[in-house]
Amino acid sequence: MSESSSVSSKLRELLPQLFEKTQIRGDRYLRFQLNSELTTLISIDYVTESLIIDRDKITPVPKMSPFVMGVINSRDRVFFVIDLPLLLDLTPIPSYARESHLIVINVASFLDNKSSELWLGLAIDKIQGITRTEKKPEKYYPFSSSFSEQEQCLLEYINGWIIDESQTLAVLDLAKIVKKSF
C-alpha cells in the first residue's frame, strides 16, 4: 500500500464528514453594490462574467445617452457598457474612478433578436460575490416608506426581495433594465 493511499484511508477513518457528498441547494445570485448605499442581486443565470477593468479600456461613443459609458472589447466580443446606477436614476459611478466593476450579461433572451449572443456590460460600484439561497424573491416592498426619492424610482426595476439572515436584498428585474437601455 502506498503512503498516499494510507494517508487517505486514515483521513476517511478520522474525518468521514469530509468525504460525504452534500447536495448544494438554492438559486445563485450575483451580489453587488449598486451605489455606496444599496446592495442588490441579479440571477447568476444571466451573468456571463464579471470584470474589473481600467476605465481607459472603455471607449466613449459620441452622441449616446448619458448612461452609455462607451464600448469595450473583451474576449473577442465588443459590447456597450452602461452606468447602471445612472440608468436607474441613481447617483452615477464617479467619473474619476480608475477602475470599473462590470457585470457582463447576455441580453439576447430579453430582446426579439435572432442572435443567441448579444452582450451588455453593467458598470456598478462594486461586485461583492455570489449569494446562494433557497428563498424565492418576494414581491412586496418592505421598506418603501423609508426609501429616499431616488430609491423610490428604483422600485420599478425590482423583481422582488430576498430576506437574508442579516439583511433584505433587492433582486433586480433585468428584463426591464435591458429594455430601458436599448
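Check the entry above for the structure.
Residues numbered from 1 in each chain as written. Predicted model: local features only at pLDDT ≥ 70, side-chain atom pairs only at ≥ 80, totals over all residues. Heavy atoms only, no water.

Q: Tell me about the layout of surface pockets, and name the residues and values.
A: Each pocket or cavity is described by its volume, and for the largest pocket that value is around 200 Å³. As for the largest pocket, its lining consists of 15 residues, and the residues nearest its centre are Ser 43, Tyr 46, Asn 159, Val 171 and Leu 172. Going through the elements one at a time, strand S1 (27–33), strand S2 (39–43), strand S10 (168–172) and helix H4 (174–181) are the ones with two or more residues in the lining of the largest pocket. (1 Å grid on protein atoms, 1.4 Å probe; cavity = no way out; pocket = protein on both sides within 12 Å on 5 of 7 lines; lining within 4 Å. Points joined across faces, edges and corners; volume = space filled by probe spheres on them. Helix = DSSP H or I, 4+ residues; strand = E, 2+ residues; numbered from the N terminus.)

Q: How would you sum up the pairing of S2? Please name residues and give values.
A: On any regular strand, side chains alternate: one points to one face of the sheet, the next to the other face. Buried residues dominate S2, accounting for five of its five residues. Alternating residues of S2 divide into Thr 39, Leu 41 and Ser 43 and Thr 40 and Ile 42, and every residue in both groups is buried. Relative to S2, S1 runs antiparallel, the two being bridged by five bridges. Residue pairing for S2: Tyr 29 is matched across the bridge by Ser 43. Counting the residues between successive antiparallel strands, the hairpin from S1 to S2 contains five residues. (Buried < 20%, exposed > 50% of the residue type's maximum accessible area, 1.4 Å probe, protein only. Pairing = 2+ DSSP bridges.)

Q: Give a description of the pattern of salt bridges that names residues and reports values.
A: With the rule as written, the count across this model stands at four salt bridges. We note a salt bridge from Arg 77 to Glu 49, for which the minimum N-O separation is 2.3 Å. Of the two residues, Arg 77 sits in strand S5 (residues 77–83) while Glu 49 sits in strand S3 (residues 47–54), which places them 28 residues apart along the sequence. Comparing Arg 77 with Glu 49 shows no difference in burial state: the two are buried. Within the structure, one salt-bridge network assembled from shared partners comprises Glu 49, Arg 75 and Arg 77. (Salt bridge = Lys/Arg side-chain N within 4 Å of Asp/Glu carboxyl O.)

Q: I'd love a proper account of the sheet that holds strand S6 (residues 99–106), names of residues and values included.
A: Strand order in this open sheet of five strands is S3-S6-S7-S5-S4, and the pairing throughout is mixed. One side of each edge strand has no neighbouring strand; the edge strands of this open sheet are S3 and strand S4 (68–74). Sheet twist, expressed as the mean angle between neighbouring strand axes with direction ignored, is 30°. (Axes fitted to C-alpha atoms, helices over the stretch in contact; angles between N-to-C directions.)

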